[in-house]
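Residues per chain are reported as follows:
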Amino acid sequence: MSLTTTPPLADMATDTAADTGSQHIRDTLRDAIVERRLAPGTKLSESDVGELFNVSRTLVRAALQALSYEGLVSVEKNRGAFVAHPSIDEARQIFATRRLIEPGVVRAAAPHIGKAELTELRRMLAAERQLTEQRGHSARRAEIKASGDFHLALADLSRNAILRRFMDELIARSSLVIALYGQSTVSSCGHNEHDEIVNALERGDVDTAAKLMVHHIDHIEADLDLRVHKSTDLKAALEL
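The rules behind the values
- Residues numbered from 1 in each chain as written.
- Predicted model: local features only at pLDDT ≥ 70, side-chain atom pairs only at ≥ 80, totals over all residues.
- Heavy atoms only, no water.
- Buried < 20%, exposed > 50% of the residue type's maximum accessible area, 1.4 Å probe, protein only.
- Helix = DSSP H or I, 4+ residues; strand = E, 2+ residues; numbered from the N terminus.
- Polar contact = N/O pair within 3.5 Å; in protein donor to acceptor, adjacent residues only side chain to side chain.
- Contact = heavy atoms within 4.5 Å.
- Pairing = 2+ DSSP bridges.

## What about helix H8 (residues 193-203)?
- Among the residues of H8, those classed as buried are Glu193, His194, Asp195, Ile197, Val198, Ala200 and Leu201.
- Of the residues one or two after H8, Gly204 is the one with positive phi, at around 80°.

This is the structure we're talking about:
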């Protein structure tokens, strides 16, 4: 006969506090990566991050590991953790996946979109347009975040928690790709394409809305410089 024991309340409280602390670090770093305040390739030293948050390296390590599962951080043996630097192949795969997934998001969201939901979507689009008209790095970062939030709002309306979490990762990884390979403001979703998708949903034309989403994703990817550039030596790069 085996006996089971219940962990002391103090130990459970400690574990909960540790989980909360690690989650806060993960969320803060994640926001900085998605909003492009931390550039791809930036080193994330456990000691430096721990000092900034005034926590142990153990909590930082757990947060970095969680981000690595999402593809936002790369952990390299004997070198440490870095903001992920997606390759050209990874970039193409991310957008290929979005083309497969997001028309389904539109179709799943459509039955749950009424007047209140349309009002909220249009409020988001109005805020996004205001950011597009502004200048400067901070406005650009905010615009990119607002653009991603629109796609996530549609995922929320699907009422599918698994799909929402998957989209969260896809949008985050797309932000990294845009940071590396984007060439203009088009990469953050321009040309009123969000408005056209919402207009189609308002009309109840789900097929058109889904097709517009694919066209929209094609448009974002087309603005990325995903050409394979041949490496060259220093003299040639400096044109000397």
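## Focus: the environment of Tyr69
- Along the chain, Tyr69 falls in helix H3 (residues 57-69).
- For Tyr69 and Glu169, which are 100 residues apart along the polypeptide, the C-alpha to C-alpha distance reads 9.7 Å.

## Structural notes on the side chain of Ser22
- For Ser22, the location among the structural elements is in helix H1 (residues 9-34).
- Taking the relative accessible area as the measure of exposure, Ser22 reaches 12% and is therefore buried.
- Looking at Ser22, its side chain comes within polar contact range of the main-chain nitrogen of Ala63, at 3.3 Å.
- Residue contacts for Ser22: discarding those within four places in its chain leaves Leu59, Ala62 and Ala63.

## With respect to the pairing of strand S3 (residues 80-83)
- In this structure, strand S1 (residues 43-44) lies alongside S3, joined through 2 bridges in antiparallel fashion. By the bridge assignment for S3, Lys43 is matched with Phe82.
- Taken together, the 4 bridges between strand S2 (residues 73-76) and S3 define a ladder with antiparallel strand orientation. By the bridge assignment for S3, Glu76 is matched with Gly80.
- Connecting the antiparallel pair S2 and S3 is a turn made up of 3 residues, with Asn78 showing a positive phi of about 65°.

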